[in-house]
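Understanding the architecture of this molecule
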Amino acid sequence: MKKSWLSVVWIALLAVAIGLSGCSQSSSSGTGGSKELVVAFDSDVPTMDPHMHNEPNAITTNWHIFDSLLFLSRDLKIEPGLAESYEQKDELTWIFKLRKGVTFHNGEEFNADAVKFSLERVLNEKQKSPQRGNISAIAAVNVIDPYTVEIKTKEPYNLLPHRLFYLSIVPPKYVQEVGDQEFAQKPVGTGPYKFVEWVKGDKIVLEANENYFKGAPKIGKVTFRIIPEVATQIAELQSGGVDVIRMVPPDMLAQIEGNATIKVASTPLLRVYYMAFDTKKKPFDDVRVRQAMNHAVDIDKIIGKVLGGKAVRTPAGVNPTHFGFDESIKPYEYSPEKAKALLKEAGYADGFETELHYFTPGIGQQITDAVISDLSKVGIKAKAKFYPESSSFVEKQRAGDLPFRLGHWGSYSVYDADAILQPMFDSQGVYGKYFHTPELDKLIGEARSSVDQEKRKALYSQAQQLLYKEAPWIFLFSPMDNQAYNAKLQFQPRADERIYAYEIDRTE
Amino acid sequence: MGSFLKQCLRIVLVLFGISSIAFFLIHLSGDPVLLMLPPEATQEEVDAFRHQMGFDKPLSEQYVQFLAQAVKGDFGESLKFHQPSLDVVLERIPATLELTLFATLLSIVIAIPLGIYSAVNRNSLSENLVTVAVFLGQSMPIFWTGIMLMLLFGVKLHWLPVSGRGSWEHLIMPAFTLAVWVAPTTLRIVRSNMLEVLQQDYIRTARSKGLGEKVVIYKHALKNAAIPIITVIGFQIGKLLGGAVVTETVFAWPGVGQLVVKAIYTADYPLVQACVVVLALIVAAMNFGVDSMYRYLNPKIKSG
């Protein structure tokens, strides 16, 4: 036999492998500053069109390429963005004065038309933007002059400025010329970074916009690398392949801490963890049972043991970073005796049996285990019911079929108590059917439509005191985001789960 | 030619079966509408979306429509990427093929020489060492092998990039992880077939004619042991594609494996279906290739 079959196979495979790896070699020569930053993402972004998604990684990417009318500073204050200033003319009318001399990355001029185009693009039902709900309070956007925009709301809406942080302003001419599909692949904005390339599933590369209106960024090139596994992210950080990783699980922090080239920062998140009762079902219809269960669980111990201390308590469901948080409310004290006494009063001296539903992977199970163990000490036998995939859990949760469940809520990154109280405890809210009262409805409704911040604060305090007493949840905690980063970075984490290269510098 | 047509028909039937299973399994697993919409969505929005996606029609009707469009390569728009699902999958296919083929190559490079070696040196100390290595290679979970390699060659020694795709170096660890996982099976087949063939009369004849040992082993014995070996390597490709799902996730390799995990996790039905059908097509094509190679090596084999 002249041809050895083996050598044929080998040569064929080699040829293919060489061919393929030849194609995949990329050479990129960046311009601008020589400093680079590599950030790990846990999943790819769905699109580069800033109006067509609601995903955290995509929002972070958009922030670099696009600007919005207003910014949220690191310490959660409203700052001017593409709007230099704004004022509320009357209850329904807001006037925004725009910055002059700003251009999009392709040279297109930024002006009032761009603002009108962008807002109306999201509001247009045909566009099917998932962000429409965010600004659905807007009734009309009117151009007063090239640098003045008037926004009318349907009803008094104090939260309008908050709803504009994530609303990217896009270039009307470019979007109309290239069409939505092309725009979703090659975005053009006014932001501090220009889009360079997007290798699907692998990385997104941006370079500094030297003409940025707030000054050129210090980091010349930013790469977002898609690395789904936390263990891989940590290995990359340790080897210098990436500079920043987010959401490091508490039990993996130990692996990083003690490494001189890596720093860890923990920031409080807006997210809130809770165990919710269906207050219409027995035995949770009795407020004493609900209070007893709040006394029965040692939440401080769970924070210490499960979360490595990286969490803060949320005594009445509202997060400390929400506007309206009432810090005078002290969390339920851990006291099995009080719990037992309350249960006895409610007629459950021997406890009862129940099921605790959850789907949250990771810390969800550890929290559930700890709570079940504490509940057993006062006679309540809870059985964990785990849902391997979230859709059936969400289905049942919406249908009101889960009498006792572990959940968490991120408030859509709106730093206002309304963003948690309305969906959770208003009778019209998504999960309002589990617990609501006419009084609570009134407080939430009044606070929502009021423009007087002091008055709103007072209303939210009343709502929280009511919630604290009624205990519709076992009020758990708000976890922190553990970010680990290269010690060469000058980096301060943000409270809103974003990593923003414009605020970062590095020493070499 | 008849056998070729038969093979093609078989591939079509397999694809039909696989896509049907994918369709029904996915529709049994929960309501995608609730997952795709933000929790703040009102009931009207939920209903409208359900109607828009066609999820309100009877399952049988959805199935017929799915098949009619799948034939045209249309699996619907990916719910996450807002692009035709097939396009999303095809963008990722080169990365997966590159990894799978290179892993196959590596596993052959590992398995065939070692298999021959352990057959020729049966019951020696070194053969026992190979057996232990095989046992280890097979029993380590891919995930663990991957992380260990990464920590050693990426983090400690800095020889290779930890993860991602881009250069030759990026390919080595993920491909090796997969190769170590599948090589033992090939190695065992090589060993047992070589042992069998080496005891045949014609080998004895060849030796008695005074042929060199190398010629006897590589020309006479290996050629005759090749058919079952090729079968196994062909089947391994299906297994490798399965292993690539884990490996791609561990090494952040931007292929279909990673994509399918995420698609299942986010209930992106159209995308899952496109992934499954494309992967099935690759496996079917591989099996077809193996069959053809059979006939090339041994014309006596008739296709059944």
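Residues numbered from 1 in each chain as written. Chains lettered and ligands numbered in written order. Predicted model: local features only at pLDDT ≥ 70, side-chain atom pairs only at ≥ 80, totals over all residues. Heavy atoms only, no water.

As recorded in an unreviewed UniProt entry, chain B goes by ABC transporter permease and comes from Brevibacillus brevis. In the Sequence similarities (unreviewed entry) part of its UniProt record, chain B is described as follows: "Belongs to the binding-protein-dependent transport system permease family." (UniProt positions renumbered as here; feature names shortened; annotations may be inferred.)

Chain A carries the name ABC transporter substrate-binding protein in an unreviewed UniProt entry, which gives Brevibacillus brevis as its organism. In the Sequence similarities (unreviewed entry) part of its UniProt record, chain A is described as follows: "Belongs to the bacterial solute-binding protein 5 family."

1. With respect to empty space enclosed by the protein
Unoccupied space between atoms shows up once a probe the size of one water molecule is rolled over them. Residue and element names in this part refer to chain A. Under the defined criterion, the tally for this structure stands at 4 cavities of 30 Å³ or more. The volume enclosed by the largest cavity comes to roughly 50 Å³. Contributing to the lining of the largest cavity are Ala276, Phe277, Arg405, Met424, Phe425, Tyr431, Tyr434, Phe435, Pro472 and Trp473. Contributions of two or more residues to the lining of the largest cavity are made by strand E13 (272-277) and helix H13 (418-425). (1 Å grid on protein atoms, 1.4 Å probe; cavity = no way out; pocket = protein on both sides within 12 Å on 5 of 7 lines; lining within 4 Å. Points joined across faces, edges and corners; volume = space filled by probe spheres on them. Helix = DSSP H or I, 4+ residues; strand = E, 2+ residues; numbered from the N terminus.)

2. What to know about the sheet that holds strand E4 (residues 83-90) of chain A
Residues and elements named next belong to chain A. In spatial order, the strands read E4-E5-E7-E6; together these 4 strands make up an open sheet with antiparallel pairing. Edge positions in the sheet fall to E4 and strand E6 (138-145), since each of these pairs with one other strand and no more. Across the sheet, the mean angle separating the axes of adjacent strands is 20° when strand polarity is ignored. In the sheet, E6 pairs with strand E7 (residues 148-153) via 6 bridges, with the strands oriented antiparallel. Considered in E7, the bridge of Ile138 is made with Thr153. (Pairing = 2+ DSSP bridges. Axes fitted to C-alpha atoms, helices over the stretch in contact; angles between N-to-C directions.)

3. Looking at the packing of aromatic side chains
All names here are of chain A. Taken as a whole and judged by the stated rule, the model has 36 aromatic pairs over all chains. Ring centres 6.5 Å apart and planes at 85° place the aromatic pair Phe165 and Tyr166 in the edge-to-face group. On the accessibility criterion, Tyr166 (14% relative accessible area) is buried. An aromatic cluster of three or more residues is present, and its members are Trp63, Phe165, Tyr166, Tyr212, Phe213, Tyr500 and Tyr502. Above the face of the Trp198 ring, Lys200 is positioned so that its terminal group lies 4.7 Å from the ring centre. Looking at Arg405, its charged tip hangs above the ring of Tyr434, at a distance of 4.3 Å from the centre. (Phe/Tyr/Trp six-rings, centres within 6.5 Å; stacked < 30°, edge-to-face > 60°. Buried < 20%, exposed > 50% of the residue type's maximum accessible area, 1.4 Å probe, protein only. Lys NZ or Arg CZ within 6 Å of the ring centre and 35° of its normal.)

4. Quick look at the side chain of Ser167 of chain B
Residues and elements named next belong to chain B. Checked against the element boundaries, Ser167 lands in the loop between helix H7 (142-156) and helix H8 (168-198). For Ser167, a relative accessible area of 16% gives the class buried. Side chain to side chain, Ser167 and Glu169 meet in a polar contact 3.1 Å long. For Ser167, the side chain forms a polar contact with the side chain of His170, separated by 3.0 Å. (Polar contact = N/O pair within 3.5 Å; in protein donor to acceptor, adjacent residues only side chain to side chain.)

5. Observations regarding the nonpolar core
Of all hydrophobic cores here, the largest spans 72 residues; its most connected members are Leu69, Phe96, Leu98 and Phe110 of chain A. Ranked by the residues each element gives to this core, the list is headed by helix H3 (residues 112-123) of chain A, at 6 residues. The contacts of Phe96 of chain A, once residues within four sequence positions are left out, are Leu69, Leu70, Ala83, Ser85, Tyr86, Tyr147, Thr148, Val149, Ile151, Leu160 and Leu164 of chain A. Ranked by size, the runner-up nonpolar core spans 37 residues in total, among them Phe75, Val88, Val278 and Leu279 of chain B. (Core = buried A, V, L, I, M, F, W, Y, C linked by side-chain atoms within 4.5 Å. Contact = heavy atoms within 4.5 Å.)

6. Some details on the UniProt feature "transmembrane region" (unreviewed entry) in chain B
Residues and elements named next belong to chain B. Per the UniProt record, the feature "transmembrane region" (unreviewed entry) sits at residues 12-30, 99-117, 129-151, 171-190, 226-251 and 271-290. The span residues 99-117 is 100% helical and 0% strand by assignment, and the distance between its end C-alpha atoms comes to 27 Å. When the span residues 226-251 is considered, its composition is 96% helix and 0% strand, and the gap between its end C-alpha atoms is 33 Å.

7. Quick notes on the domain arrangement of chain A
Residue and element names in this part refer to chain A. Along its sequence, chain A is organised into domain 1 (21-50 + 55-63 + 191-261 + 487-506), domain 2 (67-177) and domain 3 (272-479). Buried area between domain 1 and domain 3, summed over both chains or domains, comes out near 420 Å², and the portion from carbon and sulfur atoms is 57%. In this structure, the connection of domain 1 to domain 3 is made through 0 salt bridges. For the side of domain 1 that touches domain 3, the residue count by class is 3 nonpolar, no polar and 3 charged. (Domains from an automatic or database assignment. Buried area = accessible area lost by both parts, 1.4 Å probe. Salt bridge = Lys/Arg side-chain N within 4 Å of Asp/Glu carboxyl O. Nonpolar A, V, L, I, M, F, W, Y, C, P; charged D, E, K, R; others polar.)

8. Brief notes about the UniProt feature "domain: ABC transmembrane type-1" (unreviewed entry) in chain B
Within this numbering scheme, the UniProt entry marks residues 93-290 of chain B as carrying the feature "domain: ABC transmembrane type-1" (unreviewed entry). Taken end to end, residues 93-290 of chain B is 84% helix and 0% strand, and its two terminal C-alpha atoms sit 21 Å from one another.

9. Things to note about a negative patch on the surface
Among the surface-exposed residues, Glu44, Glu45, Asp47 and Asp56 of chain B lie close enough to one another that they form a single negatively charged patch. Among the secondary structure elements, Asp56 of chain B is positioned in the loop between helix H3 (43-53) and helix H4 (59-71). (Patch = residues over 30% accessible without salt bridge, like charges linked within 9 Å, V, L, I, M, F, W, Y side chains within 5 Å. Areas by Shrake-Rupley, 256 points an atom, 1.4 Å probe, with all protein chains shown as cover. Lys, Arg positive; Asp, Glu negative; His and termini not counted. Charge placed at Lys NZ, Arg CZ, Asp CG, Glu CD.)

10. Some words on the environment of Thr266 of chain B
Structurally, Thr266 of chain B can be placed in the loop between helix H11 (256-265) and helix H12 (269-297). For the pair Thr266 of chain B and Leu79 of chain B, spaced 187 residues apart in sequence, the C-alpha to C-alpha distance is 9.1 Å.

11. Description of helix H10 (residues 336-345) of chain A
Residues and elements named next belong to chain A. Buried residues of H10: Pro336, Ala339, Leu342 and Leu343, and no others. Each buried residue of H10 lies within a common arc of 125° when the element is viewed along its axis, so the set occupies one face. The exposed residues of H10 that point more than 90 degrees off its buried face are Glu337, Lys344 and Glu345. Contacts made by the buried residues of H10 are with helix H8 (287-296). Within two residues after H10, Gly347 carries a phi angle of roughly 90°, on the positive side. (Arc of directions from axis to C-beta.)

12. Thoughts on the side chain of Thr190 of chain A
All names here are of chain A. Topologically, Thr190 is positioned in the loop between helix H5 (172-183) and strand E8 (193-199). Its relative accessible area of 1% is what places Thr190 among the buried residues. In this structure the side chain of Thr190 is engaged in a polar contact, spanning 2.7 Å, whose partner is the side chain of Asp67. Leave out the neighbours within four places in its chain, and Thr190 touches Ile65, Phe66, Asp67, Leu82, Val102, Thr103, Phe104, His105, Phe110, Asn209 and Tyr212.

13. Comments concerning the pairing of strand E18 (residues 473-486) of chain A
All names here are of chain A. Counting buried positions along E18 yields 13 of 14 residues, so the element is predominantly enclosed. One ladder, built from 2 bridges, connects strand E11 (residues 244-245) with E18; its direction is antiparallel. From the neighbouring strand, Ile245 faces E18, where its bridge partner is Ala484. Across 7 bridges, strand E12 (residues 262-268) lies against E18 in antiparallel orientation. Counted as the bridge partner of Thr267 is Asp481 from E18. The pairing of E13 with E18 spans 4 bridges and is antiparallel. The partner of Tyr273 across the bridge, within E18, is Phe477.

14. Thoughts on the pattern of salt bridges
Here the structure, examined in full by the defined rule, presents 30 salt bridges over all chains. Of the charged contacts in the structure, one is a salt bridge between Asp180 of chain A and Arg121 of chain A, with a shortest N-O distance of 3.1 Å. Linking Asp180 of chain A in helix H5 with Arg121 of chain A in helix H3, this pair joins segments that are 59 residues apart in sequence. Judged by relative accessible area, which is 34%, Asp180 of chain A ranks as partly exposed. Arg191 of chain B is the partner of Glu127 of chain B in a salt bridge, and the nearest nitrogen-oxygen pair spans 2.9 Å. With a gap of 64 residues between them, Glu127 of chain B in helix H6 (residues 125-139) and Arg191 of chain B in helix H8 connect regions that are remote in the sequence. Among the ionic contacts, a cluster of salt bridges with common partners joins Asp49, Arg121 and Asp180 of chain A.

15. Structural notes on unusual backbone geometry
The omega angle of the peptide bond from Lys282 of chain A to Pro283 of chain A is -5°, so this bond is cis rather than trans. On the secondary structure map, Pro283 of chain A appears in the loop between E13 and H8. Even without being a glycine, His158 of chain B presents a positive backbone phi close to 60°. Following the sequence through the fold, His158 of chain B ends up in the loop between H7 and H8.

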